[in-house]
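A structural walkthrough
Spelled out from the first residue to the last, the chains are:
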Amino acid sequence: MSIGASLKRLEDYNLLTGRGQYVGDLQFPDQCEAVIIRSPHAHAIIRSIDVEEARRFDGVLLILTASDLPGDLRPIPMRLSPDPILEKALQYPLAKDRVRYVGDPVAVIVAKDRYMAEDAADFIKIEYDVLPPVTDAVQSLQPDAPLLHPDAGTNEVYLIYSKKGDVAERLKTCEHVLKEELYVQRHSGIPMETRGLLALCDEDERLTVYGAAKVVHFNHQLMARLLNKNKEDIRLVETDCGGGFGPRGEFYPEDYLIPFAAMRLKRPVRWIEDRLEHFKATNHSREQTHQVTVGFDGDGRIYALRDEIFFDQGGYIRTHGTTVPSLTQAMLPGPYDFSDIEIVTHLALTNKTPVGTYRGPGRFEGTFVRERVIDMVAAHLKLDPTVVRERNYIRPEQMPYTNGLSALGQIVEFDSGNYAETLDWARKFMGWDSFPEKQARARQEGRFIGLGFASFVEKSGFGPWEFAEVEMRPDGRVICKTGLTEVGQGITTTLAQICSDQLGIPYDRISVVHGDTDLVEKGNGSFATRGAVVGGSAAWHAAGLLKEKLLEVAAGELAVPVDMLALKDGSVVYSEAGQVVMLLDDLLPICLERGISLCEEYTFHIDHMTYPYGCHAAEVELDPDTGALHILNYYIAYDIGRAINPMLVEGQLVGGMAQGLGGAIYEELKYDEIGQLVSGSFMDYLIPTSMEVPEVQTEILENYPSPLNPLGVKGAGEGGTVAVAPAIANAIVNALQEYAIPITSLPLRPERIREALKQMKPER
Amino acid sequence: MMEKTAESSRLKTITLKVNHKEYTVDVEPRMLLSDVLRDVLRLTGTHVGCEHGVCGACTIMMDERPVRSCLVFGVQADQAEIVTVEGLESENGELHPLQKGFWEKHGLQCGFCTPGMLMTACHLLEHNPDPSREEIREAISGNLCRCTGYQGIVDAVEYAAKEMRERAE
C-alpha cells in the first residue's frame, strides 16, 4: 500500500541536481526582458509621461504606458468572492491617471536584456501631482480621509456582517464582560523565488506563457478574455515554482502586460521580479484590527462574542475579492461553541500594496485574536487557560456543527472531530500538569519561562470540483493528469501514491502531469489546502475506474468473476489469497490488441469544505533585560483525517510553523506616514533563519477521517501556520504572570517586550 | 548575446573554470557572476532570490570558499575555480551524500533555496566532518528557506556527514 507511507519525493532528483526548470531558467532565441516602472508615490495624479528619450536608448525595443493599451481594456476581475460593489476599486494593468500605492505599475520597458532596460528606465520622465495618502484602515474611514477611488465614493468599499442570536441581550446577562483591541500586522508569503513570466508569440499569433502557477486554468481564461483572444490560441505552462504560499499565481497586472508585450514584439519577453519589486508589487496580507467584546460566566464559559474588524485592503481590490475578511469572520469562533455572535468587518482602502491570501488567510489573524482572548478570560478569572478551552469546545456529539456563519458562499459546517483530544495530546507532551513547579524552579534561578496553548480549526478542500485523468500506457507506465499545480508541496508524489494504491504498481512508475493548458483539459488549481482533498479524490476515482476496466478484461480472459480479482505488485491477483494469476505485462497487450482504451477521467465534486483541527503549544524563555525570546519546546498535534504521506505532512507542519513564527515575531511590511514601504528588502523584512526556528515536535492524528471524500483526508497545508502567534503570545504572558503586559498586537518584537517590562511593575 | 557595435568596446574577456570545465566568455564589467553563470554559461542550477546578498540562494564555491554570486561581478571571477550545484554529482552520475541526504530526509520542498543550501553545507562538511545540530544551524543561517522550517535540512546535513565519515573510514 502506498497511501500512508513516507515515500521519498519524485520531485526531488531534478531539484537537487540543478536540473529544475524555474521560469527564470528558460531561454529562447531573441529573448528580451521587461522592466516595470512603478510609482514612487503612495497617492498621486499622473500629470505626464515622457518616454521619448528612453525610447532612443540602445537596445530598447518597446515602451508601454496606459495610453498604449487598448481603450476598451477591462480591469483585472476578482477570482474568488466577486461582488459588483467592489468593481469600482479594481486594478488596471497600468495606472491610467492616478497611482494608489508605492509600486503601482505605470509603464513597461522592454529591451534586449535587463541591464539595458534598467538603464533606459531611468530616462522615462513621469510628472506626478502628489496627493495626501492614507495608510491606516481605521483612519481611512474617517470623513476627512483622502478618497482613493472617487467613483466608489467611499474608502469603505465593503462591509461584512454576521449575526447569530442576540449579543446585546446576552451581554446584559453575562457575569463578566471583557473588551480588548488586538492587531495583526501586514506581512506576506515572500517565496524565495520572486514571480516571473516568459511569453512567446508565434507568427500565427499563438501565445505561450511560462511561469504560471497555482490557478493556471483560471488565469488561462482570464488572459484570453483580457487580451481578447481565443482560449485555444493561448497556452499557459507551469514551470518549477519556488514557493507559493498564497500570493504567487494570482492574476497580476504583469500577467497581462508581459504577454501583451510579446504579442506586440513577436519575440519572447521575460520578466523576473526583483526582490525589492516583489515587496511592493506582490500581494501583501494579514493586516487587521479587532475590537472584541466577550461575555462569560465565572466558570469561563463564553456566551457572547462581538467583534468589529478593520481590514486594510490596500489600494485596489485584487483577485481574492473579499475572501480573506470573510474567512476571518466565518472562522473566528474556531473550535468553540458560542451561543451569540455578532461580527462586522469594514473593508477599508489605503494607499498601500493591495492584499490577498497568505497561508491560513483569515485564520492566522482570527486564531491570534480568539486564542489570546481565551487566555485573557482565563487570566481574568484566574483559571487554567486549557480548562477554559475545554469548557467551550464544540463536543464530538454536536458534529456536524455549524457556527451560524458563512464564507466563500458556504455555511461553515464542521464535519467531524474531537477538539479536546488534540489539547490533551499537547498538555501531556508539554508536561502542563507539572509545569507550575518547573516554572517556579526556573524563576528561583532567575529564568522566566512560560507555556502557552492555542487551539485552531482549519478549513480545507475548497470545491467545487477538481479533475483527473489516469492513463496506463502499453509499457505499463501511468500518466496522471491533474488540474492541481505544484508549488513545492509535493502534489506530484501525493497523487502518484494515490494512483499507485489503486493500481498496484510502484509510485515511481506514475508520471503526474499538471499546469499545462494544452495537456490538461481543466482544473481549479492548488490553493486553500484543496489539493489532496479534491484533486486527490479525483485521481483516486479516475485510477479506480481504470482498475475496474483492467480487472474486467482480466476476468473475461481468466473466466472468473471480476470481484474475485485485485491488482497488486504489477499483477492481477486473487483478492482473497493474493495469489498471482496474471501479470500486468501480459494483460496490457491484450487490451491493446482489442483496442480497449485504458484512459479514464473523473471530476470530483464537493459541496462542503472539510475541517482539520489541532493544537499548538509553545514553551518559551524570556530574557527580561533584552526582551529576547527563546523557544525551548514547540509542539503541534493535528488531526487531518488521513495522511497520504506522513513525511510530507510533517514537512508542511514544520515549514508552516516557521512561517507562522515569522508572522508572530519577525515579519512586518511597515509603512511610514507618507506611504513608503520601509521594510522592503531582506535587510529589514526579517525572515526567520535556521537560528530562530526551533525543532518542532508533531503528532499527526488520523482519528476523525473526513466523511466527505473517499480518502478521508482533511488537508495539511495551513495548520502549521495559523496558531503559532497565539501559542507564543500566551506563553510570553504565562512567563510574566505577575506583570500585566498587554500582549495584544503582532509582531511580538523583543523591544516591545523589554519596553513593557520596564514600564510595568509586578502586580503582586 | 551582445552585438558587435559600441557595446563590444565595453566587453571584457574572462576565463572561468566551472565544475572542472573551462569557459572563455566576453561580458560587460557590470554583469553579475550569477547572471554570467545562469544566462551566459546556461548553468541555471544557481538561483537568484534577492540580489542583495541576504538570501543565499545564489551561493557557489569560488576558489574553495562559499560566495554569493549575486554580490560578485563576473570580471572579478576571472581565472577563478568555481563549483556550482551542477558539479556536485560525481562523474559517473552518483549523487553527492548531501544530495542524497536532502532527498532522504525531506530537506527540500519547492527546491529554490536548495542549490545554495547544498553549497553552503558542502563547505561546512569539508571543514567540520562531524558537526552538531547547532553547528549545522549556524552554518546554514545565512541561507533563507521559506518552506521546510530548516529541520529537514539539518537532518539531511547530519545524514550526509555520517555517510561521508563512513565513506572516509
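Per an unreviewed UniProt entry, the recorded name for chain B is Carbon-monoxide dehydrogenase small subunit, and the organism is Paenibacillus sophorae. Per UniProt, chain B carries the Pathway (unreviewed entry) text "Alkaloid degradation; nicotine degradation."

With an unreviewed UniProt entry as reference, chain A is termed Carbon-monoxide dehydrogenase large subunit, source organism Paenibacillus sophorae.

Attention shifts here to the overall build of chain B. If you tally the helices and strands in chain B, you get 5 helices and 5 strands. Compactness check: chain B gives a C-alpha radius of gyration of 17 Å against a globular reference of 15 Å for 169 residues, within 12% of the reference. Based on the C-alpha atoms only, the size of chain B along its principal axes is roughly 55 × 30 × 25 Å. By residue count, 59% of the 169 residues in chain B fall in the buried class. Taking the intrachain contacts of chain B between residues at least 6 apart in sequence as the baseline, contacts between residues at least 24 apart amount to 56%. A total accessible area of about 7,100 Å² is found for chain B, and carbon and sulfur atoms account for 47% of it. Charge-centre separation for chain B: the mean point of 18 positive side chains lies 3 Å from the mean point of 27 negative side chains.

This part takes up the sheet that holds strand β7 (residues 156–164) of chain A. All names here are of chain A. Overall, mixed pairing links the 5 strands, which are arranged β7-β15-β14-β13-β8 in an open sheet. Taken across any chain shown, the strands that pair with only one partner, and hence form the sheet edges, are β7 and β8 (176–184). For this sheet the average axis-to-axis angle between neighbouring strands, irrespective of direction, equals 10 degrees. The sheet contact formed by β7 and strand β15 (residues 340–349) spans 8 bridges and is antiparallel. Directly across from Ser 162, in β15, lies its bridge partner Ile 343.

All names here are of chain A. In terms of domains, chain A is made up of domain 1 (415–455 + 611–763) and domain 2 (462–605). For domain 1 versus domain 2, the separation of C-alpha centres amounts to 40 Å. Counting residues at the interface gives 14 residues for domain 1 and 15 residues for domain 2. Buried area between domain 1 and domain 2, both sides added, is near 1,100 Å², and the carbon and sulfur share of it is 66%. Area buried by domain 1 at its contact with domain 2 is led by Ile 644, Pro 710 and Leu 711, which between them contribute 42% of it. At the junction of domain 1 with domain 2, the criterion picks out 0 salt bridges. The tally of links between domain 1 and domain 2 comes to 3 residue pairs in polar contact (both at pLDDT 80 or more). Along the lines of polarity and charge, the residues of the side of domain 1 that touches domain 2 split into 7 nonpolar, 5 polar and 2 charged.

Moving on: the packing of aromatic side chains. All names here are of chain A. Per the counting criterion, the structure on display carries 21 aromatic pairs over all chains. Through a chain of ring-to-ring contacts, three or more aromatic side chains come together here, namely Tyr 336, Phe 338, Tyr 393, Tyr 401, Phe 414, Tyr 419, Tyr 611 and Tyr 613. In this structure, Lys 96 packs its charged tip against the face of Tyr 92, placed 4.2 Å from the ring centre.

On to empty space enclosed by the protein, then. All names here are of chain A. Overall, the coordinates contain 7 cavities of 30 Å³ or more when judged by the stated rule. Empty space within the largest cavity amounts to approximately 780 Å³. Along the wall of the largest cavity there are 46 residues; nearest its centre are Gln 489, Thr 529, Arg 530, Gln 652 and Gly 717. Broken down by secondary-structure element, the contributors of at least two residues to the lining of the largest cavity are α9 (323–331), α14 (491–503), α15 (531–558) and α17 (646–666). A domain split of the lining of the largest cavity shows at least three residues from each of domain 1 (415–455 + 611–763) and domain 2 (462–605). Lining of the second largest cavity is provided by 16 residues; of these, Gly 196, Leu 197, Gly 211, Gly 249 and Asp 255 occupy positions nearest its centre. Looking at the lining of the second largest cavity element by element, the count peaks at 3 residues for strand β10 (residues 207–212). Among the residues making up the lining of the second largest cavity, the classes are represented as 8 nonpolar, 4 polar and 4 charged.

All names here are of chain A. Along the chain, Glu 365 turns up in helix α10 (residues 363–381). For the buried residue Glu 365, which engages in no salt bridge, the nearest side chain bearing the opposite charge is Arg 286, 4.1 Å off. With residues near it in sequence (within four places) discarded, Glu 365 still touches Val 184, Arg 286, Gln 288, Val 324 and Gly 360.

Within the largest apolar cluster, 149 residues are counted, with the highest numbers of intra-cluster contacts made by Phe 414, Tyr 634, Phe 682, Ile 728 and Leu 736 of chain A together with Phe 102 of chain B. With 45 residues, the next largest nonpolar core counts Val 478, Leu 567, Phe 604 and Ile 644 of chain A among its residues.

This brings us to the UniProt feature "domain: Aldehyde oxidase/xanthine dehydrogenase a/b hammerhead" (unreviewed entry) in chain A. Feature annotation in UniProt places "domain: Aldehyde oxidase/xanthine dehydrogenase a/b hammerhead" (unreviewed entry) on residues 17–132 of chain A, given in this structure's numbering. Between the C-alpha atoms that bound residues 17–132 of chain A there is a distance of 51 Å. The span itself is 10% helix and 30% strand.

Residue and element names in this part refer to chain A. With respect to the helices, strands and loops of the structure, Glu 600 is situated in strand β25 (residues 599–605). Not counting chain neighbours up to four residues away, the residues in contact with Glu 600 comprise Ala 468, Glu 469, Val 470, Ala 542, Leu 545, Leu 546 and Lys 549. Of the polar contacts made by the side chain of Glu 600, one reaches the side chain of Lys 549; its length is 3.0 Å.

Contacts between the two partners involve 50 residues from chain B and, on the opposite side, 61 residues from chain A. When the buried area of chain B at its contact with chain A is split by residue, Trp 103, His 106 and Arg 146 of chain B rank highest and sum to 19% of it. In this assembly, chain B and chain A are joined by 33 residue pairs in polar contact (both at pLDDT 80 or more). Breaking the side of chain B that touches chain A down by element, the ones donating at least two residues are α1 (33–40), α2 (97–104), α3 (114–127) and α4 (133–139) of chain B. Looking at the side of chain B that touches chain A residue by residue, the classes come out as 20 nonpolar, 14 polar and 16 charged.

Right, let's talk about the confidence of the model for chain B for a bit. All names here are of chain B. Per-chain confidence: chain B averages 95 in pLDDT, with 95% of residues scoring 70 or above. With pLDDT under 50 throughout, residues 1–5 is counted as low confidence; its partners more than four residues away or in other chains account for 9 contacts. Reported confidence for the predicted complex is 0.96 by ipTM and 0.96 by pTM.

Criteria and cut-off values
All chains use their own residue numbering, which begins from 1 and follows the written sequence. Note on labels: chains are lettered from A, ligands numbered from 1, in written order. Confidence filtering applies because this is a predicted model: local features only for residues at pLDDT of at least 70, side-chain atom pairs given and counted only at 80 or more, and all residues used for totals across whole chains, interfaces and linings. Side-chain numbers come from the whole structure's heavy atoms, not from hydrogens or water. UniProt positions are given in the numbering used here, feature names are shortened, and annotations may be inferred rather than shown by experiment. Only DSSP runs of H or I covering at least 4 residues are called helices, and only runs of E covering at least 2 are called strands; the numbering of each starts at the N terminus. Every radius of gyration here is taken over C-alpha atoms, with the globule rule written as 2.2 Å times N^0.38, N being the number of residues. Only protein chains enter the accessibility calculation, which uses a 1.4 Å probe. A residue is then buried if its area is under 20% of the maximum for its type, exposed if over 50%, and partly exposed in between. Contacts: residue pairs with any heavy atoms within 4.5 Å of one another. Each accessible area value is a Shrake-Rupley result obtained with a 1.4 Å probe; residue values ignore everything except the protein chains displayed when judging cover. Note that His is not counted, nor are the chain ends; the positive residues are Lys and Arg, and the negative ones are Asp and Glu. The location of each charge is read from NZ of Lys, CZ of Arg, CG of Asp or CD of Glu. At least two DSSP bridges between two strands are required for those strands to pair. To obtain each axis, a line is fitted to C-alpha atoms, and for helices this fit is confined to the stretch in contact; angles are then taken between N-to-C directions over 0 to 180 degrees. These domain boundaries are the output of an automatic or database domain assignment. Here's the idea: put two parts together, see how much 1.4 Å probe accessible area each one loses, and the total over both is what we call buried area. By convention in these notes, a salt bridge is any Lys or Arg side-chain nitrogen within 4 Å of a carboxyl oxygen on Asp or Glu. A 3.5 Å cut-off defines polar contacts: any pair of N or O atoms within that distance qualifies, except that in protein one atom must be a possible hydrogen donor and the other a possible acceptor, and neighbouring residues in sequence count only when both atoms are side-chain atoms. Polarity classes work like this: nonpolar for Ala, Val, Leu, Ile, Met, Phe, Trp, Tyr, Cys and Pro, charged for Asp, Glu, Lys and Arg, and polar for all others, with Gly in that last group. Any two of the Phe, Tyr and Trp rings considered here, Trp counted by its six-membered ring, make a pair once their centres fall within 6.5 Å; the pair's planes then place it as stacked at under 30 degrees, edge-to-face at over 60, or tilted in between. Charge-over-ring placement is defined geometrically: NZ (Lys) or CZ (Arg) within 6 Å of the ring centre, and within 35 degrees of the ring normal. Put simply, the grid is 1 Å and covers the protein atoms alone, a cavity is a trapped set of points that fit a 1.4 Å probe, a pocket is an open set with protein on both sides within 12 Å along at least five of seven lines, and lining residues have an atom within 4 Å of a point. Grid points are joined across faces, edges and corners, and a volume is the space filled by probe spheres set on the points. Nine residue types can take part in a nonpolar core, namely buried Ala, Val, Leu, Ile, Met, Phe, Trp, Tyr and Cys, and a core is a set of them joined through side-chain atoms within 4.5 Å. The pLDDT value expresses, per residue, how confident the predictor is, ranging between 0 and 100.

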